[in-house]
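Close look at the chain arrangement
Chain by chain, the residues run as shown.
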Amino acid sequence: MKPATHISDRPRLISYHISICILMLAMSSCDQARPILANTPPANGEPLVVITNGGKPDYSSYYPEILRNEGISSFSVIGLGDLAEIERYQVAILAEGELTDAEARKLENWVSRGGRLIAMRPDPRIEGLLGIGPRAGTVADGYFSLKEGRWGVPNTPLQFHGTADLHRSLADDRRVGAILRGHRIDTGFPAITIRQNIGAGRGQAIGVMFDIARSVALTRQGNPALAADPTGGPAPRAARFFAGYLDSANYAIPQADEQQRILVALIHESIVNKVPLPRLWYLPGGRRLAVVMTGDDHNANGTLSFFEQLRREPFSDPGCSVDHWDCARATSWVFSNVKTLKRGNAAALVADGFEIGPHMAMDRDGGCGSWSNVDDLFNRFAARQIEFQNIYGIEPTPTNRTHCYVFADWDTEPRVERQLGIRLDETYSPYTIRGTRNRLGRLNGSAMPMRFTDRNGSAIDVYQLVSDIDYEYFDSSASVSDIRAAIRAMIDGALKPDGYRGFIGTHYDFSGGLEAEVRNTLLSEIVAHGGRDKIAIISARQLLDWLDLRNGSSFSDLAFDGSTLSFSFEMNHNVSNPGLEAMIPLKANGRTLHGIFHAGSNVRIKRRDTVDGVPYAFIDAIDGDYRAIYR
């Protein structure tokens with residue numbers, strides 16, 4: 001696939017977030033004020049279910065990862081063998097896969113009684129339910145577009161990965177967007193179809209012509225066909241998975257995140273009048289952006305002086321709170337002879353909230369070669385952990401960036417890391433990717449860390465973070481103004497009202513020169529953009545703890561009678577809470593949120609904001625039972 005040439009390659013991070021009002025223009029027949037129908041599925045319990053299947057590779061099991069990443073925890077997961085349980089739910093996400101005639105009939109009956117179905121790359125047996133014609137062809141690893149201007153720039157197609165089916169939408173369907181050939185030729189076939197008012201229960205059936213979970217996973221991890229070689233040459237890097245797979249014109253766009261938020265938009269519009277879904281915000285304390293400040297000390301002894309810089313103003317005030325991300329903190333992955341970290345200095349820095357761990361390499365203090373097999377990789381990484389603990393007297397960290405960005409195949413490295421207690425990996429980098437030089441963007445289409453998948457599409461409990469800002473992305477001839485413009489564009493893309501939200505990973509190695517220029521420019525831009533009040537500077541360990549907090553907390557026992565939403569919330573108390581926030585929809589069933597109560601007391605609404613076209617009320621998320629009153 002050749003990169004598109006009709007869009008400028010200049011660094012840019014304009015808003016590419018979806019507007020729910022625009023996306024759901026085709027659903028205008030939903031009638032926001034319609035009361036709940038008595039013959040719809042029950043409104044109590046978990047309102048959403050993911051229906052997985054047994055296909056191989058089966059990315060259906062990645063939908064829970066997507067939902068949790070989007071702050072949604074009120075869902076269950078069932079297999080096709082348990083399809084009778086669908087009667088308990090309001091909305092179902094049906095993953096790509098084959099259906100039997102009996103399974104198709106169960107889905108049709110459920111929808112006719114008022115169920116809301118979102119079917120990914122639907123099986124031919126439910127074409128009639130969805131109101132689409134027979135498959136007329138396919139497009140593999142192509143593009144799709146929605147309404148012009150929807151992404152902030154007219155006619156900006158986004159990539160999908162996997163296969164999309166081409167179906168005609170019938171007369172009573174609404175067509176949303178289009179599947180494209182190449183990156184600009186409209187096939188005339190829709191990307192999404194929406195059929196309303198099905199059966200006596202006035203159900204709904206939505207067809208998405210490619211599997212969002214598969215596309216998100218492949219967009220994040222690259223082309224699996226390029227991961228077949230277990231070694232990938234003398235110094236295999238993750239960047240090779242994206243050769244010819246990432247359209248460099250879309251480098252600045254969080255394409256995987258946007259696909260997830262299309263799904264969230266469809267879920268919200270399908271369910272908001274039945275059971276408005278509470279969600280969790282992406283970062284602590286209402287922030288839109290955090291920089292994960294990580295470096296590799298190749299025995300350059302730069303860690304201590306840099307950490308001391310972060311301890312001082314304007315990055316950290318006296319008495320600031322590390323737990324609330326008010327103090328700037330960072331990670332240093334180190335070789336075996338960083339002298340200034342010996343004699344207890346490393347332990348003191350860790351006690352002060354910094355992170356220090358082994359910089360994994362194929363050999364002690366370096367080596368860019370690859371491993372030969374799984375046992376070899378395990379032994380090399382385990383040796384680095386033992387060396388580190390013996391030399392510095394502290395336990396190895398649960399995060400890692402492998403030296404030289406070595407990442408030889410699709411899933412071996414995260415599987416080995418998980419065995420060794422490493423649960424966040426920052427080895428992915430656009431190093432050497434054509435079209436990314438002197439630019440900053442989103443190699444994996446995401447600003448949010450999510451888990452790796454194995455070869456069958458199942459999540460591995462190791463989070464993927466990309467080294468987004470790295471001095472090696474710039475030519476030695478790049479000016480300070482060039483570097484500043486690239487960094488500023490990336491930060492601006494998050495802080496604008498309708499920008500992306502998430503995290504920026506970094507890479508530096510205390511080598512001086514250009515490396516120091518990039519690092520210092522990033523710090524000065526953080527200060528210029530409002531400092532720590534707007535942009536947190538955190539370690540990789542702090543990020544991992546946040547992900548465990550957010551993804552391990554959950555809403556449950558949802559019930560909605562048309563005017564009162566009740567639910568419970570339980571927080572993961574195994575890690576610190578830097579400021580978890582819940583989002584409650586402001587509009588539901590033709591009514592507006594009037595008040596929120598927790599354990600009988602009124603809850604202070606911290607702010608009201610619109611997220612991807614949907615207005616929400618934000619509150620501090622604490623354990624207990626809640627009631628949200630709509631009038």
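Everything below is about the structure shown above.
Below you will find a few notes about this structure.

The rules behind these values
Residues numbered from 1 in each chain as written. Predicted model: local features only at pLDDT ≥ 70, side-chain atom pairs only at ≥ 80, totals over all residues. Heavy atoms only, no water. Helix = DSSP H or I, 4+ residues; strand = E, 2+ residues; numbered from the N terminus. Buried < 20%, exposed > 50% of the residue type's maximum accessible area, 1.4 Å probe, protein only. Contact = heavy atoms within 4.5 Å. Areas by Shrake-Rupley, 256 points an atom, 1.4 Å probe, with all protein chains shown as cover. 1 Å grid on protein atoms, 1.4 Å probe; cavity = no way out; pocket = protein on both sides within 12 Å on 5 of 7 lines; lining within 4 Å. Points joined across faces, edges and corners; volume = space filled by probe spheres on them. Nonpolar A, V, L, I, M, F, W, Y, C, P; charged D, E, K, R; others polar. Disulfide = S-S within 2.5 Å. Pairing = 2+ DSSP bridges. Polar contact = N/O pair within 3.5 Å; in protein donor to acceptor, adjacent residues only side chain to side chain. Axes fitted to C-alpha atoms, helices over the stretch in contact; angles between N-to-C directions. Parallel < 35°, antiparallel > 145°, perpendicular 65-115°, else oblique. Left-handed = near helix turned anticlockwise from the far one by under 90°.

Counting its secondary structure elements, the chain contains 13 helices and 34 strands. For the chain, buried positions account for 61% of its 631 residues. Long-range contacts, defined as pairs at least 24 residues apart, comprise 77% of the intrachain contacts of the chain with a sequence gap of at least 6. Summed over all atoms, the accessible surface of the chain reaches about 21700 Å², with 48% contributed by carbon and sulfur.

Next up on the list: the layout of surface pockets. What the largest pocket holds in volume is close to 400 Å³. What lines the largest pocket is a set of 20 residues, and nearest its centre among them are Val 350, Phe 354, Glu 355, Arg 541 and Asp 545. Among the elements of the structure, strand S18 (355-358) and helix H13 (540-551) are those that each provide at least two residues to the lining of the largest pocket. For the lining of the largest pocket, the element with the most residues is H13, which contributes four residues. Its residues assigned to classes, the lining of the largest pocket comprises 10 nonpolar, five polar and five charged.

Moving on: the state of the cysteines. With the rule as written, the count across this model stands at two disulfides. The disulfide that involves Cys 320 links it to Cys 327, with 1.9 Å between the sulfurs. Disulfide Cys 320 to Cys 327: torsion about the S-S bond roughly 120°, handedness right-handed. The partly exposed category is assigned to Cys 320, whose relative accessible area is 25%. Residue pairing for Cys 368: its cysteine sulfur links by disulfide to Cys 404, the two sulfurs lying 1.8 Å apart.

The pairing of strands in a sheet happens through backbone hydrogen bonds and is either parallel or antiparallel. The strand order S7-S6-S10-S11 describes an open sheet built from four strands, whose pairing is antiparallel. Looking along the sheet, the strands with just one partner apiece sit at the ends: strand S7 (158-159) and strand S11 (185-186). Here strand S10 (residues 178-181) runs beside S11; their pairing, made up of two bridges, is antiparallel. In the sheet register, Leu 180 faces S11, and the bridge partner there is Asp 186.

In this section: the pairing of S10. Two strands pair when backbone bridges link them, and strand S6 (residues 143-145) and S10 are joined in this way by three bridges, in the antiparallel orientation. Residue pairing in the sheet places Tyr 143 in a bridge with Leu 180 of S10. Counting the residues that bridge the hairpin from S10 to S11 gives three residues, and of these Gly 182 lies at a positive phi of roughly 65°.

The next thing to look at is the side chain of Asn 589. Within the secondary structure, Asn 589 is located in the loop between strand S29 (587-588) and strand S30 (591-598). A polar contact is formed between the side chain of Asn 589 and the backbone oxygen of Gly 562, at a distance of 3.2 Å.

Counting across every chain of the model gives eight cavities of 30 Å³ or more. The computed volume of the second largest cavity comes to approximately 90 Å³. Looking at the second largest cavity, the residues that line it are Val 334, Phe 335, Ser 336, Pro 358, His 359, Arg 364, Asp 365, Arg 384, Glu 387, Phe 388, Ile 391 and Tyr 392. Residue contributions to the lining of the second largest cavity peak at five residues, all from helix H9 (residues 374-392). Broken down by class, the residue content of the lining of the second largest cavity amounts to six nonpolar, two polar and four charged.

Moving on, we come to the packing of helix H5 (residues 212-221) against helix H6 (residues 255-271). Two elements in contact, H5 and H6, have axes separated by 9 Å at closest approach and are oriented at 165°. Taken together, the axes of H5 and H6 are roughly antiparallel relative to one another. Considering how the two elements wind past one another, H5 and H6 form a crossing that is left-handed. Judged by residue contacts, Ile 212, Ser 215, Val 216, Thr 219 and Arg 220 of H5 engage Ala 256, Gln 259, Gln 260 and Leu 263 from H6.

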